[in-house]
Amino acid sequence: MSLLRDEEYFKIAEVKAREILDSKGIPMVEVDVVTNGGVLGRAGAPCGISAGKYEAVTLRDNDSSRYLGLGVLKAITNIQNVIAPKIIGKDVRMQRQIDKIMIHLDGTERKANLGGNTTLSVSYAVAEAAANALRLPLYRYIGGVNAHILPLPMFNIINGGPYSVTDLDFQEFMIMPKSAKSFSEVLRISVEVYHELKKVLKKHYGKKGSTPGHAGGYSPPISDPMEAFDRILEAVDEAGHTGKIVLCLDCAASHIYDKKEGKYVFMGKKVTREFLMDFYEDLTKTYPLFLLEDPLHEDDFEGHAELTRDLTILIVGDDLFATNLKRLEKGVKMGAANGIILKPNQIGTLSEAIDVAQFAMENKYAVIPSIRSCSRYIEPLADISVALNCKYCKFGAPTTGERTYHYNRLLQIEEELGLSLIHISEPTRPLYISYAVFCLK
Ligand code: PGA
Ligand code: ZN
């Protein structure tokens, strides 16, 4: 314990960076931060497949002689030559100070010089080193004694959008159990529906329709979102969970927006924003829809505000806010949305992401930490969700180690905290939702 009183123990001795492969065989940055006490913090930052245009830049080499231009050696050089000399000797517990140093070294709005993948990898590694040095789990280090809520996952089970093989225009069809006694029960219900859905899809569309797609959800040959919801509800019934779940939909509408014409391409037709908004209203009347993510394109703050006023559900900004405080401030002023997807790699440092979450919560926005849909590396988002007492999270389909890691990590945290879920009410107007609160037994 005397070590913990020794300031030298926490000071950064070494910062190492290497180019590794993510689980899709694409190069990424991994960073080791080692303290004088010999404590290691190791981390990397993911990147998204459906990145919004306001996100921090993922720095790649663009050198076609290596990894088809996707190498990250420039990022490695930035860490070794630019960042490391400025943070060696700093105390790993000074997260904000270290993040600020990187923000200043970069000097751009979107981390265009150093790369958001570069800065977030260092930022995460510093936090991991501090937590390890203090012998605390990361959620406890970041959240302190107040970290006590386990998030309800929005569980991705059908994938559409431009990266999918289906004709569904919307990107992610998700379920969320609305009442259960514990996180483990929430997870069990979701996973049972996921497996049941495979059988339902096979029955309707044959083997091909029941194969998991790029983001782990199924990709059946469907073009109508209502048909996708029907199949999901059928699987919910088959799994014996009738009435226990609500539906969530990530429209990722920027991807179907034709800027030149000012219209959306939806189910093979060019439609107006008003058409889409009416369609969303129909969805809320027909299905137990709880949440819409990016229902309109990422520059349409007015449209998001209108939907937030008119629909009695959560309207959540992912590409709309890009985990960026300035964009969120604009959204809050305009009443655009009442929830935000929190993806630390959209902004590039842990402390900036925490600032965004805090501002969102102060303004009664739901904060939903999210992995990138093609999660390719484990990032500490389960711990961050618990640290910030987030009521919801978005960790993808229960396939591949990177995605299931987050669910398994929440199971571990549930065991550590000894939590139990009291109740989740039927979602009504967002501000009156009695959230999924897991509190101390
Ligand atoms: P991503 O997209 O692949 O960029 O993470 C997922 C999403 O839009 O939520
Ligand atoms: Zn999204």
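Small disclaimer: the values here were computed from a predicted structure and weren't measured.

## Thoughts on the nonpolar core
With 135 residues, the main nonpolar core has F170, I232 and Y280 as its most contacted residues. Residue contacts for I232: discarding those within four places in its chain leaves I157, I158, F173, I175, L197 and L247.

## A short note on the sheet that holds strand 2 (residues 27-35)
Picture the strands of a sheet paired through backbone hydrogen bonds; they go either parallel or antiparallel. If you walk across this open sheet you meet the three strands as 1-2-3, and the pairing is antiparallel. One side of each edge strand has no neighbouring strand; the edge strands of this open sheet are strand 1 (12-21) and strand 3 (40-44). Along the sheet, successive strands turn relative to each other by an average axial angle of 15 degrees, direction set aside. Relative to strand 2, strand 1 is paired through nine bridges, and the arrangement is antiparallel. Counted as the bridge partner of R18 is E30 from strand 2. Lying over the sheet, helix 1 (residues 73-87) contacts strand 1 and strand 2, oriented at roughly 170 degrees with respect to strand 1. Contacts from helix 3 (residues 116-134) reach strand 1, strand 2 and strand 3, with the element oriented near 150 degrees to strand 3.

## Some points on the packing of aromatic side chains
Counted under the stated rule, the structure contains 14 aromatic pairs. In this structure, R327 packs its charged tip against the face of Y54, placed 3.6 Å from the ring centre. Over the ring of F301 we find K330; its NZ or CZ atom is 4.4 Å from the centre of that ring.

## Thoughts on the packing of helix 2 (residues 95-106) against helix 3
The interhelical angle for the contact between helix 2 and helix 3, taken along N-to-C directions, is 165 degrees, at an axis separation of 10 Å. One finds that helix 2 runs roughly antiparallel with respect to helix 3. Handedness of the crossing formed by helix 2 with helix 3: right-handed. Contacts between helix 2 and helix 3 involve Q95, I98, D99 and M102 on the former and, on the latter, T119, V122, S123, V126 and A127.

## Describing the coordination of the zinc ion (ligand 2)
In the first shell of the zinc ion (ligand 2), the protein supplies D250 (OD), E293 (OE) and D318 (OD), at 2.1 to 2.3 Å from the metal. Sequence spacing of the donors to the zinc ion (ligand 2): D-x42-E-x24-D. Of this pair, D250 sits in strand 6 (residues 245-250) while E293 is found in strand 10 (residues 289-293), placing the two residues 43 residues apart along the sequence. A residue is classified by how much of its surface remains accessible, and E293, at 0% relative accessible area, is buried.

## Considerations on the pairing of strand 11 (residues 314-317)
Residue alternation in strand 11 divides its side chains into two sets, L314 and V316 and I315 and G317, and both sets are buried. Direction of pairing for strand 10 relative to strand 11: parallel, over a ladder of three bridges. Directly across from L292, in strand 11, lies its bridge partner I315. What joins strand 10 to strand 11 is helix 8 (residues 301-310), and the crossover it makes is right-handed. Sheet analysis places strand 11 next to strand 12 (residues 339-342), joined by two bridges and oriented parallel. Looking across to strand 12, one finds that V316 is bridged to G339. The parallel pair strand 11 and strand 12 is bridged by helix 9 (residues 325-334), and the resulting crossover is right-handed.

## Concerning the pattern of salt bridges
What the rule picks out here adds up to 29 salt bridges. Of the charged contacts in the structure, one is a salt bridge between D32 and R42, with a shortest N-O distance of 2.7 Å. With D32 in strand 2 and R42 in strand 3, the pair connects residues that are ten residues apart, well separated along the chain. Note on D32: relative accessible area 2%, which makes it buried. Put simply, E196 and K199 hold a salt bridge, and the shortest N to O gap is 3.4 Å. Of this pair, E196 and K199 both sit in helix 5 (residues 183-205), separated by three residues, roughly a single helical turn. A relative accessible area of 16% means that E196 is categorised as buried.

## Thoughts on the environment of D250
What makes D250 buried here is its relative accessible area of 1%. In this structure, the C-alpha to C-alpha distance between D250 and G418, residues 168 residues apart in sequence, is 32 Å. With residues near it in sequence (within four places) discarded, D250 still touches F170, Q171, E172, M174, E293, D294, D318 and K394. Of the polar contacts made by the side chain of D250, one reaches the backbone nitrogen of A252; its length is 3.0 Å.

## Considering the sheet that holds strand 14 (residues 392-394)
Here we have eight strands laid out as an open sheet, ordered 13-12-11-10-6-5-4-14, and mixed in their pairing. The strands lining the two open edges of the sheet, one partner per strand, are strand 13 (366-369) and strand 14. When strand polarity is set aside, the average angle formed by the axes of neighbouring strands in this sheet is 25 degrees. Taken together, the three bridges between strand 4 (residues 152-159) and strand 14 define a ladder with parallel strand orientation. Bridging across to strand 14, M154 finds its partner in K394. Along the sheet face, helix 11 (residues 350-362) touches strand 12 and strand 13 and points at about 165 degrees away from the line of strand 12.

The rules behind the values
Residues numbered from 1 in each chain as written. Chains lettered and ligands numbered in written order. Predicted model: local features only at pLDDT ≥ 70, side-chain atom pairs only at ≥ 80, totals over all residues. Heavy atoms only, no water. Core = buried A, V, L, I, M, F, W, Y, C linked by side-chain atoms within 4.5 Å. Buried < 20%, exposed > 50% of the residue type's maximum accessible area, 1.4 Å probe, protein only. Contact = heavy atoms within 4.5 Å. Pairing = 2+ DSSP bridges. Helix = DSSP H or I, 4+ residues; strand = E, 2+ residues; numbered from the N terminus. Axes fitted to C-alpha atoms, helices over the stretch in contact; angles between N-to-C directions. Phe/Tyr/Trp six-rings, centres within 6.5 Å; stacked < 30°, edge-to-face > 60°. Lys NZ or Arg CZ within 6 Å of the ring centre and 35° of its normal. Parallel < 35°, antiparallel > 145°, perpendicular 65-115°, else oblique. Left-handed = near helix turned anticlockwise from the far one by under 90°. Donors = N, O, S within 2.8 Å, 3.2 Å for Na, K, Ca; no water. Right-handed = clockwise from strand over helix to strand, strands pointing away. Salt bridge = Lys/Arg side-chain N within 4 Å of Asp/Glu carboxyl O. Polar contact = N/O pair within 3.5 Å; in protein donor to acceptor, adjacent residues only side chain to side chain.

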